[in-house]
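# Residue-level structural notes
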Amino acid sequence: MDWIINDELGLTVGHVVGYVSAAFMVVGGVLPYVPQYKQIKQTQDPEGFSLHVCLALLIANSLRILFWFSSRFEIPLLVQSVVMNITMFIMIHLCVTVRRNNAIMRTRERVFSDFDTRYFWSWTDFQSYLDFMLVVWVVGAAVTYLMLSVTWFMETIGFLAVFTEAMLGAPQFLRNHKNKSTHGMSICMVIMWTAGDMFKTGYFILRHAPTQFWICGTLQVSLDLAILLQVYIYRKNPPRSSHRGD
């Protein structure tokens, strides 16, 4: 009788751990952006946050969603991509709104429909960001539908998805290296990135996610640790004026 109770208890604990892990996978990636959102909201200054972070994550998670139709990986990972896309749009909306409110004088509107590459991802209205991503989604969905049976193509989509996300810290690392300073960078955010990426990579390995996932997860953790190493190396250096990700 004891072994039955132990099996049921082990099964219950296993389910709870699995549900908690899945829930953290869904919302864990969003948490580092909460303090950034609050800071922009309070200071009404979005210049310390690069919208190219949003671009990278929107592309990465959109590609991951397309990859799911070929390799039906864990549902929490799919939901995480949807939640992250929504989060990035919230960040974009806040930054665009604050910039418009802070404008001393009205300048010419720069919108996606102008097709002016000089102002790519620097549009002055939120709708343009939505329009661009809608084009990406429509084209991506059409190509995925046509190439769904082509294994090498879909595997490439999966790799590009996780590789784009894995390289998210590269612009910050290069900026720190160029300025020989980490002034203006949120150390708390990088620490949260590191903790989340470590958990995510471990989750990929334990849940036998596609190989691309855990390889690029390891790369992402390495970049996070490299940025934290920069914090130590440049700790005594004077601050220089620069923006995150620029």
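Refer to the structure printed above.
In this text the structure is predicted, and so the values were computed from the model without any measurement.

## Quick notes on the overall build of the chain
In terms of regular secondary structure, the chain is built from nine helices and zero strands. Across the chain, helices and strands are ordered from the amino to the carboxyl terminus as α-α-α-α-α-α-α-α-α. In the chain, which comprises 246 residues, the share counted as buried stands at 40%. Sequence-distant contacts, at least 24 apart, represent 76% of the contacts inside the chain between residues at least 6 apart.

## Things to note about the state of the cysteines
In total, this model carries zero disulfides according to the counting rule given. With no disulfide of its own, Cys54 has Cys95 as its nearest cysteine by sulfur position, at a separation of 6.4 Å.

## Quick word on the environment of Gly217
Residue placement: Gly217 occurs in helix α9 (residues 211-233). Using a relative accessible area of 3% as the deciding quantity, one classes Gly217 as buried. C-alpha of Gly217 to C-alpha of Tyr203: the two residues are 14 residues apart in sequence and 9.9 Å apart in space.

About the thresholds
Residues numbered from 1 in each chain as written. Predicted model: local features only at pLDDT ≥ 70, side-chain atom pairs only at ≥ 80, totals over all residues. Heavy atoms only, no water. Helix = DSSP H or I, 4+ residues; strand = E, 2+ residues; numbered from the N terminus. Buried < 20%, exposed > 50% of the residue type's maximum accessible area, 1.4 Å probe, protein only. Contact = heavy atoms within 4.5 Å. Disulfide = S-S within 2.5 Å.

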